[in-house]
Amino acid sequence: MRIGVLGTGSMADALATHWARAGHEVTVGGRDADKAERLATRIGGSAKPASLRAAAEFGQAVLAALPYDAGVSVARELRAALDGKVLLDCSNPVGPGFRLLTEGGPSAARQLAAAAPGAHVVKAFNLCHEDVWRMRPPVFDGRPLAVPVCGDDHAALARVRELVRDVGCEPVAGGGLERAGLLEATAALFIALWVAEEADVQAIAPPLAYAAGPGREQEEAAGGLMADGVVVRRAAGSE
């Protein structure tokens, strides 16, 4: 796959390095030509430096590894070059005090989609620090890291799922792009818990087997179904 990278920061470095090692063609785009060249050299493999526009034109998939406050303006500037492309958004609109900067408005991903309406925007890779994405691979207690993926276009989602697997992770269907805001809000919460409280966020969720309450056998023994934590009795003769 041809991958264009918009940005020369840590996320661009971490993710593009995996993709170059997996055999994809990578072009790193930046406004600063020297930074783009240094990053392409560090990534190695087929990676080449270019301008932002050249990277967008090159990629079948384009990673927007940009700060939240820069993403929309760059996408708007490159909208013609991004037409028909997969535009992968890994940004987190989190400000001082771990505040979600998009609260009450469209998500960062939806803002990119509005700025480049011909692109197929997919949200992924926003829940972890860049050093996690540098791991080869990101595996914890024998389990590959799961990466939620949100988007509306089936072909774009298939490409991003491939890129998730090339990082050594497992893609998880996160729903349509309208759910990207939930991923961004989750990142704001997780960052606050990790940084401010030094809390292990894995400890706040039960194992999958317990996530929806008691199992079917327990429900039937109770004579009802669980709904929002309340036992709802079956009507006589209902299935």
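Each remark here, short or long, concerns the structure printed above.
Summarised in this report is the structure supplied together with it. These figures come from a predicted structure and were not determined experimentally. (Residues numbered from 1 in each chain as written. Predicted model: local features only at pLDDT ≥ 70, side-chain atom pairs only at ≥ 80, totals over all residues. Heavy atoms only, no water.)

**Looking at the nonpolar core**
In step 1: Counting 38 residues, the largest nonpolar core has W19, V26, L88, F125 and W133 as the members making the most contacts within it.
In step 2: With 7 residues, the top contributor of residues to this core is helix α1 (residues 10–21).
In step 3: A75, A116, C150 and L183 belong to the second-largest nonpolar core, a separate cluster that totals 26 residues. (Core = buried A, V, L, I, M, F, W, Y, C linked by side-chain atoms within 4.5 Å. Buried < 20%, exposed > 50% of the residue type's maximum accessible area, 1.4 Å probe, protein only. Helix = DSSP H or I, 4+ residues; strand = E, 2+ residues; numbered from the N terminus.)

**Focus on the packing of aromatic side chains**
Given two aromatic rings, their pairing is described by the distance between the two centres and the angle made by the two planes.
In step 1: Tallying each qualifying case throughout the model produces 3 aromatic pairs.
In step 2: Where W19 meets F125, the ring centres are 6.1 Å apart and the plane angle is 65 degrees; that geometry is what we call edge-to-face. Linking W19 in helix α1 with F125 in the loop between β8 (120–123) and α7 (130–134), this pair joins segments that are 106 residues apart in sequence.
In step 3: You can call F125 buried: its relative accessible area is 1%.
In step 4: Considering the side-chain rings of F125 and W133, the 5.1 Å spacing of their centres and the 85 degrees angle between planes classify their relative orientation as edge-to-face. Assigned by exposure class, F125 and W133 land together as buried.
In step 5: Put simply, the rings of W19, F125 and W133 pair up and form one aromatic cluster. (Phe/Tyr/Trp six-rings, centres within 6.5 Å; stacked < 30°, edge-to-face > 60°.)

**A few points about the sheet that holds strand β1 (residues 2–6)**
In step 1: Strands sit in the order β3-β2-β1-β4-β5-β8-β11-β12 across an open sheet of 8 strands; the sheet is mixed. Looking along the sheet, the strands with just one partner apiece sit at the ends: β3 (48–50) and β12 (170–173). Between one strand axis and the next, the sheet turns through 30 degrees on average, direction left out of account.
In step 2: The sheet contact formed by strand β4 (residues 61–64) and strand β5 (residues 86–89) spans 4 bridges and is parallel. Following the sheet pairing, V62 is matched in β5 by L87. (Pairing = 2+ DSSP bridges. Axes fitted to C-alpha atoms, helices over the stretch in contact; angles between N-to-C directions.)

**Quick word on a nonpolar patch on the surface**
In step 1: A cluster of nonpolar side chains, namely F98, W194 and V195, defines an oily patch on the protein surface of about 270 Å² accessible area.
In step 2: Secondary-structure assignment places V195 in helix α9 (residues 180–196).
In step 3: For V195, a relative accessible area of 53% gives the class exposed. (Patch = residues over 30% accessible without salt bridge, like charges linked within 9 Å, V, L, I, M, F, W, Y side chains within 5 Å. Areas by Shrake-Rupley, 256 points an atom, 1.4 Å probe, with all protein chains shown as cover. Salt bridge = Lys/Arg side-chain N within 4 Å of Asp/Glu carboxyl O.)

Interpretation in functional terms is not warranted from these geometric data alone.
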